[in-house]
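Chains, contacts and geometry: an overview
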Amino acid sequence: MAVLINEQIRASEVVLTGLKGEKLGVVSREEALAKARSAGADLVCTSLMSSPPPCSLMAKGKAKAAAQKDNTARKAASGRTPAGADSKEKVKELRFTAHIEEHDYDTKLRQADKHLRSGKPVLLVVKASGAKEAAASKAVIERLLADLKEVGMKDTGIQYGGKGSQVKVNPR
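Below is a summary of the structure that appears in this document. Note that the structure is predicted; figures quoted are calculated from it, not measured.

**Quick look at the overall build of the protein chain**
- The helix and strand tally for the protein chain stands at 4 helices and 10 strands.
- Relative to its length of 172 residues, the protein chain is extended, with a C-alpha radius of gyration of 29 Å against a globular reference of 16 Å.
- Principal axes of the C-alpha set define a box for the protein chain whose edges measure 80 × 30 × 25 Å.
- Sorting the 172 residues of the protein chain into buried and exposed places 31% on the buried side.
- Sequence separation of at least 24 residues holds for 53% of the intrachain contacts in the protein chain that already meet a minimum separation of 6.
- Accessible surface for the protein chain amounts to roughly 10,900 Å². Of this, 53% is attributable to carbon and sulfur atoms.
- For the protein chain, the separation between the mean place of its 31 positive charges and that of its 20 negative charges on side chains is 4 Å.

Below is the structure:
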């Protein structure tokens, strides 16, 4: 969020708060800037969402530091690092065919189980080569959900399409 300081504030009137948090009421922009200069402080606009915007007097240089601190805290709360790298976990996608062999099914089931036990969500996708295999893909998805019910629960409903089915499973 960009912080507007002193002459950057364009509103003709502002709701002013003093250095000690005292409410000074609605004053003109020029009067607020004059009070800031006489107090040796900055006039800082805290929000642009109201009219007139709320502004406060802050010690010189404190406004930018507070804005940077607030920005860093907000990024940390949203799960992003201050460098901007997105640390959001990716969902592991496991693909199956509608007519999967038993050994392959067991192998993929173990992979899904391992991911769910480690706390990671899994997207189970069953591909069907045509509408005739749609029933088979539905059966594979339902069997997977039954086999994984003790370690995971479905996040979304089963999504059926012409090319297959899919469901997202979250760890319990």
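So much for the structure itself; the text now carries on.
**A few points about the nonpolar core**
- In this structure, F96, L124, I141, L144, L148 and V167 are the most contacted members of the largest nonpolar core, which totals 18 residues.
- Those elements that provide at least two residues to this core are β6 (92-97), α3 (102-117), β7 (122-127), α4 (134-147) and β10 (164-171).
- Here F96 is in contact with K108, L124, V125, V126, K127, V140 and L144, once residues within four sequence places are set aside.

**A few points about the packing of α3 against α4**
- In contact at an axis separation of 11 Å, α3 and α4 are set at 45° when each is read in the N-to-C sense. By the criterion of interaxial angle, the relationship of α3 to α4 is oblique. In the crossing of α3 with α4, the sense of the turn from one axis to the other is right-handed. For the pair α3 and α4, the contacting residues are E102, Y105 and L109 in the first and R143, L144 and D147 in the second.
- When its residues are assigned to classes, the contact of α3 with α4 shows 3 nonpolar, no polar and 3 charged.

**Observations concerning the pairing of β10**
- Where β7 and β10 come together, 6 bridges link them in antiparallel fashion. Directly across from V122, in β10, lies its bridge partner V169.
- The pairing of strand β8 (residues 152-154) with β10 spans 3 bridges and is classified as antiparallel. Among the inter-strand pairings, G152 is bridged to a residue of β10, identified as P171.
- Judged from the 3 bridges that link them, strand β9 (residues 159-161) and β10 form a sheet pairing that is antiparallel. The residue bridging Y160 from the neighbouring strand is S165, located in β10.
- Linking β9 back to β10 in an antiparallel pair, the connection comprises 2 residues.

**Quick notes on a negative patch on the surface**
- A contiguous patch of negative charge, built from E101, D104, D106 and D147, is present on the exposed surface.
- Inspection of the secondary structure assignment puts D147 in helix α4.
- Accessibility expressed as a relative area gives 36% for D147, which makes it partly exposed.

**Things to note about helix α1 (residues 29-39)**
- Of the residues making up α1, those classed as buried are R29, A32, L33 and A36. Viewed end-on, α1 has its buried residues packed into an arc of 100°, placing them on one side of the element. Relative to its buried face, α1 has exposed residues pointing more than 90 degrees away, namely E30 and S38.
- Looking at the buried residues of α1, the elements they touch are β2 (13-17), β3 (23-28), β4 (41-45) and β5 (54-59).
- G40, located one to two residues past α1, shows a positive phi value of around 70°.

Cut-off values and rules
- Residues numbered from 1 in each chain as written.
- Predicted model: local features only at pLDDT ≥ 70, side-chain atom pairs only at ≥ 80, totals over all residues.
- Heavy atoms only, no water.
- Helix = DSSP H or I, 4+ residues; strand = E, 2+ residues; numbered from the N terminus.
- Rg over C-alpha atoms; globule rule 2.2 N^0.38 Å.
- Buried < 20%, exposed > 50% of the residue type's maximum accessible area, 1.4 Å probe, protein only.
- Contact = heavy atoms within 4.5 Å.
- Areas by Shrake-Rupley, 256 points an atom, 1.4 Å probe, with all protein chains shown as cover.
- Lys, Arg positive; Asp, Glu negative; His and termini not counted.
- Charge placed at Lys NZ, Arg CZ, Asp CG, Glu CD.
- Core = buried A, V, L, I, M, F, W, Y, C linked by side-chain atoms within 4.5 Å.
- Axes fitted to C-alpha atoms, helices over the stretch in contact; angles between N-to-C directions.
- Parallel < 35°, antiparallel > 145°, perpendicular 65-115°, else oblique.
- Left-handed = near helix turned anticlockwise from the far one by under 90°.
- Nonpolar A, V, L, I, M, F, W, Y, C, P; charged D, E, K, R; others polar.
- Pairing = 2+ DSSP bridges.
- Patch = residues over 30% accessible without salt bridge, like charges linked within 9 Å, V, L, I, M, F, W, Y side chains within 5 Å.
- Salt bridge = Lys/Arg side-chain N within 4 Å of Asp/Glu carboxyl O.
- Arc of directions from axis to C-beta.

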